[in-house]
Amino acid sequence: PRKSYKGKAVVSTQSTGDSKHGQLVLDINPNFKVPQKPFKRMDYREALQYCKDNNILKEDGTNFEFGDDIPEAPERKMTDMIGVPILLCRFPKAMKSFYMQPDLKEPIVTESVDLLLPNVGEIIGGSMRIYDEAELDAGFKREGISPENYYWYVDQRKYGTTPHGGYGLGLERYLMWLLNSKNVRETCLYPRTADRCKP
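Structural notes, computed from the coordinates.

What counts, and where the lines are drawn
Residues numbered from 1 in each chain as written. Predicted model: local features only at pLDDT ≥ 70, side-chain atom pairs only at ≥ 80, totals over all residues. Heavy atoms only, no water. Axes fitted to C-alpha atoms, helices over the stretch in contact; angles between N-to-C directions. Helix = DSSP H or I, 4+ residues; strand = E, 2+ residues; numbered from the N terminus. Parallel < 35°, antiparallel > 145°, perpendicular 65-115°, else oblique. Contact = heavy atoms within 4.5 Å. Nonpolar A, V, L, I, M, F, W, Y, C, P; charged D, E, K, R; others polar. Patch = residues over 30% accessible without salt bridge, like charges linked within 9 Å, V, L, I, M, F, W, Y side chains within 5 Å. Areas by Shrake-Rupley, 256 points an atom, 1.4 Å probe, with all protein chains shown as cover. Salt bridge = Lys/Arg side-chain N within 4 Å of Asp/Glu carboxyl O. Buried < 20%, exposed > 50% of the residue type's maximum accessible area, 1.4 Å probe, protein only. Arc of directions from axis to C-beta. Core = buried A, V, L, I, M, F, W, Y, C linked by side-chain atoms within 4.5 Å.

1. Remarks on the packing of helix H2 (residues 44–53) against helix H3 (residues 72–82)
(1) Moving on: Following both chains from N to C, one finds H2 and H3 inclined at 85°, their axes separated by 11 Å at the closest point. Relative to H3, H2 is oriented roughly perpendicular. Contacts from Ala-47, Tyr-50 and Cys-51 of H2 reach H3 at Met-78, Met-81 and Ile-82.
(2) Moving on: Tallied by class, the residues present in the contact of H2 with H3 amount to 6 nonpolar, no polar and no charged.

2. Quick notes on a nonpolar patch on the surface
(1) Moving on: A grouping of Tyr-167, Leu-169, Leu-171 and Tyr-174 is seen on the molecular surface, where their side chains present a nonpolar patch of about 430 Å² in accessible area.
(2) Moving on: Counting residues per element, the ones that place at least two in the nonpolar patch are strand S7 (164–169) and helix H6 (171–179).
(3) Moving on: We classify Leu-171 as partly exposed; its relative accessible area is 48%.

3. Quick notes on H3
(1) Moving on: When H3 is considered as a whole, its buried residues turn out to be Pro-74, Glu-75, Met-78 and Thr-79. One side of H3 holds all its buried residues, which, seen down the axis, span an arc of 135°.
(2) Moving on: Where H3 is buried, its residues contact strand S3 (40–43), H2, strand S4 (86–89), strand S5 (112–117) and strand S6 (121–129).
(3) Moving on: A positive phi of about 80° marks Gly-83, the residue just after H3.

4. A word on the nonpolar core
(1) Moving on: Counting 13 residues, the largest nonpolar core has Met-42, Ala-47, Met-78 and Leu-88 as its most contacted members.
(2) Moving on: When residues of this core are traced back to their parent elements, those giving at least two are H2 and S4.
(3) Moving on: Those residues in contact with Met-42 that sit more than four places away from it in its chain are Ala-47, Tyr-50, Met-78, Ile-82, Ile-86, Leu-87, Leu-88 and Cys-89.
(4) Moving on: Of all hydrophobic cores here, the second largest spans 12 residues; its members include Leu-26, Leu-87, Leu-117 and Trp-177.

This is how it looks when you write it as structure tokens:
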């Protein structure tokens, strides 16, 4: 259960239930707080405006514009300033993978989402997937990719599929957030450094 302390959510050790693993997290990171639900939802355009309003700029000192990829450092700065997990949604089609489903109401953006966490940045990227064969073929052509190597992927559309999505989780980044680590090397099984290129 959560206890309120001057308007802030505080996690008691009981919030981990009887799980020995929950207690382990608190042993390693005593300040761990279970995030409040629902997570903040933010459209890509809102993120651009937030960056502009808060002087989060590109490396050349200009504002981010529609179609710009917000790199890790500015994205993390925005997330840290907001201070809560963010579901950043509806990225421009031109900057996302060819297989991401365009939004039906606004085809220049995709039905996509990144989960951003304070002190870490992006830990999950996901989207709805194109399930129409002709639309997928157009994506291959737009990106200059030969569909021959992806025959199995095309066949799924050719012989029938349903609307579906997928995502990828950055496990090491998730562990960084959970354990309050400052560097991803602390949560990698085999971190790479200047002096270490092999396990």
